[in-house]
Amino acid sequence: MQAFNEFFRDLAGNIGLPSFFEESTLLFNNLFLVLLAAVSLIGLLLVAFLIPSKRRTS
């Protein structure tokens, strides 16, 4: 558990997040990752459906 906390503390420091994120617990870090994954998935779906694909017409 401590290794995960250290990893996320270093990640928050590298990204430049406020010190609140550097001192958070594993539960908060998991919530942060879930939110990040959800936003990424929504963005990917928006890009996939909103960009028209090239279709061959004969």
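If you're wondering where the values come from, they're calculated on a predicted model, not measured in any experiment.

## Remarks on the overall build of the protein
Phase 1: Across its full length, the protein holds three helices and zero strands.
Phase 2: The order of α-helices and β-strands along the protein, N terminus first, is α-α-α.
Phase 3: Considering the protein as a whole, with its 58 residues, one finds that 10% of them fall into the buried category.
Phase 4: Surface exposure of the protein reaches about 5200 Å², of which carbon and sulfur atoms provide 70%.

## Considering a nonpolar patch on the surface
Phase 1: There is a patch of nonpolar side chains on the surface, built from Leu41, Leu44, Leu45 and Phe49 and spanning about 460 Å² of accessible area.
Phase 2: Note on placement: leucine 41 falls in helix H3 (residues 26-50).

## Considerations on helix H1 (residues 2-15)
Along an α-helix, residues three or four positions apart point the same way, because every turn accommodates 3.6 residues.
Phase 1: An ideal rise of 1.5 Å per residue puts 20 Å on 14 residues; H1 measures up with 20 Å between its terminal C-alpha atoms.
Phase 2: For H1, the set of buried residues is Asn5, Phe8 and Ala12. For H1, the angular spread of buried residues about the axis comes to 70 degrees, placing them on one side. Exposed side chains of H1 directed beyond 90 degrees from the buried face belong to Gln2, Ala3 and Asn14.
Phase 3: A positive backbone phi angle near 95 degrees is found at glycine 16, which sits one or two residues after H1.

## Describing the environment of arginine 9
Phase 1: Secondary-structure assignment places arginine 9 in helix H1.
Phase 2: Sequence-wise, arginine 9 and serine 19 are ten residues apart; in three dimensions their C-alpha atoms are separated by 9.0 Å.

Procedures and definitions
Residues numbered from 1 in each chain as written. Predicted model: local features only at pLDDT ≥ 70, side-chain atom pairs only at ≥ 80, totals over all residues. Heavy atoms only, no water. Helix = DSSP H or I, 4+ residues; strand = E, 2+ residues; numbered from the N terminus. Buried < 20%, exposed > 50% of the residue type's maximum accessible area, 1.4 Å probe, protein only. Areas by Shrake-Rupley, 256 points an atom, 1.4 Å probe, with all protein chains shown as cover. Patch = residues over 30% accessible without salt bridge, like charges linked within 9 Å, V, L, I, M, F, W, Y side chains within 5 Å. Salt bridge = Lys/Arg side-chain N within 4 Å of Asp/Glu carboxyl O. Expected span 1.5 Å × (residues − 1). Arc of directions from axis to C-beta.

Scope: geometric values only; no functional claims are made or implied.
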